[in-house]
Amino acid sequence: MEPHGYEITNILLTDLRPERSVLDAMNAINASRRQRQAAMEQGEAQKVLKVKEAEADAESKFLAGQGIARMRKAMADGFRDSMQSMSQGGLSPQDAMHMM
């Protein structure tokens, strides 16, 4: 446009239409990026599930251990109470043990 006395210094480009092969390549890149992100998210989700499963297993074993400890304490308390009752009844500790 310079021969006509106009100098173009800046333009506003609003509609860009690249070649079909360029569009296909850009779409493939974007799809690959989304698939990689999805795979990473899926891996993180599986990791969280495994951690939660391990935590639940540990909690279950902890509670089972507490139950066993209470059961053993109750058995020992019962044994002690039985020995005291037999001793109060006049049995010697050896005779009380023999009866148990």
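Residues numbered from 1 in each chain as written. Predicted model: local features only at pLDDT ≥ 70, side-chain atom pairs only at ≥ 80, totals over all residues. Heavy atoms only, no water.

(A) Up close: helix α1 (residues 20-88). Its 69 residues place the ends of α1 101 Å apart at the C-alpha level, agreeing with the 102 Å of an ideal helix rising 1.5 Å per residue. Of the residues one or two after α1, Gly 90 is the one with positive phi, at around 105°. (Helix = DSSP H or I, 4+ residues; strand = E, 2+ residues; numbered from the N terminus. Expected span 1.5 Å × (residues − 1).)

(B) A look at the pattern of salt bridges. This structure, assessed with the given rule, holds seven salt bridges. Across the salt bridge formed by Lys 73 and Asp 77, the nearest N and O atoms sit 3.1 Å from each other. Of the two residues, Lys 73 and Asp 77 are both situated in helix α1; the distance of four residues between them amounts to about one turn of the helix. As a salt-bridge pair, Arg 80 and Asp 81 come within 3.6 Å of each other at their nearest N and O atoms. On the accessibility criterion, Arg 80 (43% relative accessible area) is partly exposed. (Salt bridge = Lys/Arg side-chain N within 4 Å of Asp/Glu carboxyl O. Buried < 20%, exposed > 50% of the residue type's maximum accessible area, 1.4 Å probe, protein only.)

(C) Molecular detail of the environment of Asn 27. Assignment of secondary structure puts Asn 27 in helix α1. Residues Asn 27 and Asp 57, 30 residues apart in the sequence, show an inter-C-alpha distance of 45 Å.

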